[in-house]
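# Survey of secondary and tertiary structure
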Amino acid sequence: MPKPGKTKFQIDLRRHLREHYVNENLTHLICEIAEASKYIIHSISTGDLGVAGTSNLYGEQQLELDVLADRIMRKRLDHSRVVANMMSEEMDEIIPVSPDCDGKYSVAFDPLDGSSLVDVNLAVGTIVSIFEGCDLLQPGRRQVAAVYILYGPRTTLVYSVGKGVHEFGMNMLREYTLLQENIMIKPQGNLYSPGGQRNLYTPGVEAFVTKLEKRGVKLRYSGGFVPDINQILLKGQGIFFYPHLQNMPEGKLRLLFELSPMAYLIEQAGGAASDGRKPILDLLPTQIHERSPVFIGCKKDVAMAEEMIRKFENDKESGVNKNS
Ligand code: F6P
Ligand code: MN
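Please read these numbers as outputs of a predicted model, since none were measured by experiment. (Residues numbered from 1 in each chain as written. Chains lettered and ligands numbered in written order. Predicted model: local features only at pLDDT ≥ 70, side-chain atom pairs only at ≥ 80, totals over all residues. Heavy atoms only, no water.)

## Details of the sheet that holds strand E12 (residues 218-219)
Read across the sheet, five strands follow the order E12-E11-E13-E15-E14 without closing on themselves; strand pairing throughout is mixed. Unpaired on one side and paired on the other, E12 and strand E14 (272-274) mark the two borders of the sheet. Here strand E11 (residues 191-194) pairs with E12 via two bridges, running parallel. Across the sheet, tyrosine 192 pairs through a bridge with leucine 219, a residue of E12. Of the strands in this sheet, E11, strand E13 (239-242) and strand E15 (294-297) are in contact with helix H4 (residues 203-214), which crosses E13 at around 155°. (Pairing = 2+ DSSP bridges. Helix = DSSP H or I, 4+ residues; strand = E, 2+ residues; numbered from the N terminus. Contact = heavy atoms within 4.5 Å. Axes fitted to C-alpha atoms, helices over the stretch in contact; angles between N-to-C directions.)

Here you go:
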């Protein structure tokens, strides 16, 4: 019998999924992702920090660790027997795993987000988006689960299957045990994580940031999307944004591998995620490697970003001078 008061810390991931009536295949899939992360954390701790000599579709130089983490995830998903199609930030196209979609899942993942931070020993993560059946090009709202694993001073896993957001920590036996259930974030916060160069912000985004700063919000930007989102979730407040820039109208972050799964988790925690006009989860991807601007975190802060962007767009259309 577990000791009274300690029960919470003894619930492992599989048991938690079962207790939340998650079906067998999805439970198996999430547990396989958790297994893969054990090999990824080992590679991060001990692996070569060099470049692989290849680049991904976005022209970003791949590190050996990117390639390794990708291989670990692919192998695990391939052997899981519950995956129909898979796709990663490091691949050029969708990899078909099984032609039979019944009872199976399609998975989009970023195997090692923020990998360029490993050599300076900052936190990085793995992000996973899960759809039922074969189709990966669907609005994020159709996800049936999203997961991220954060490799920081400690390794943690956060998941949702649409029944709240839950955090697990990797213990000394490399098992994930429950740390927190039903994580929620406040409607408004006092932290902000602004991505991109400020001198390239559009007037609407600039006005939004100025308004936030006047409110006295504190800067918290690590350069890694997973730790930045994790901070918002666990501190229960804040907003992360990587906006459309004057020279990058689509922003930087990728819809399928990064934004949809994080938006799913943040909405589950009572927050919001927008591209500046509409919810990230309502965007229909037209291609696999699509990017989008993002404003994600506390609901009211995201609404304020949308309001300022709309205001400056309307002013521009009607020719109003913003200083008048
Ligand atoms: O994969 C994208 C990423 O590395 C994210 O983890 C992070 O939020 C963002 O890029 C950082 O971009 P920048 O280096 O432009 O701040
Ligand atoms: Mn990434």
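## Here's the deal with the site of ligand 1
Taken together, Asp113, Gly114, Tyr221, Gly223, Gly224, Phe225, Phe240, Tyr242, Lys252, Leu253, Arg254 and Glu258 make up all the residues around ligand 1. In the environment of ligand 1, an oxygen atom lies 2.7 Å from a nitrogen or oxygen atom belonging to the side chain of tyrosine 242. Glutamate 258 places a polar side-chain atom, nitrogen or oxygen, 2.9 Å from an oxygen atom of ligand 1. Burial of ligand 1 by the surrounding chains reaches 76%, relative to a free accessible area of 400 Å². (Near = heavy atom within 4 Å. Polar contact = N/O pair within 3.5 Å; in protein donor to acceptor, adjacent residues only side chain to side chain. Areas by Shrake-Rupley, 256 points an atom, 1.4 Å probe, with all protein chains shown as cover.)

## Re the environment of glycine 47
Structurally, glycine 47 can be placed in the loop between helix H2 (24-46) and strand E1 (51-55). Along the primary structure glycine 47 and valine 158 are separated by 111 residues, whereas in three dimensions their C-alpha atoms are 24 Å apart. Those residues in contact with glycine 47 that sit more than four places away from it in its chain are His42 and Leu65.

## Here's the deal with helix H6 (residues 255-268)
Within H6, 12 of the 14 residues are buried, leaving the element largely enclosed by the surrounding structure. Here H6 has its buried residues at Leu255, Leu256, Phe257, Glu258, Leu259, Ser260, Pro261, Met262, Ala263, Tyr264, Leu265 and Ile266. Where H6 terminates, the next one or two residues include glycine 270, which has phi positive at roughly 90°. (Buried < 20%, exposed > 50% of the residue type's maximum accessible area, 1.4 Å probe, protein only.)

## Examining the nonpolar core
If you look at the biggest cluster of nonpolar residues, it comprises 52 residues, and the most contacted ones within it are Leu13, Leu26, Leu29, Ile30, Leu77, Ile130 and Leu157. Per element, the largest residue contribution to this core is 10 residues, and it comes from H2. Viewed by domain, this core spans two of them, domain 1 (8-180) and domain 2 (191-318), each represented by three or more residues. Other than its neighbours up to four places away in sequence, leucine 157 contacts Leu13, Ala34, Val147, Tyr148, Ile149, His166, Glu167, Phe168 and Tyr176. Grouped together as the second largest cluster of nonpolar side chains are 51 residues, Ala146, Leu212, Val226 and Leu281 included. (Core = buried A, V, L, I, M, F, W, Y, C linked by side-chain atoms within 4.5 Å. Domains from an automatic or database assignment.)

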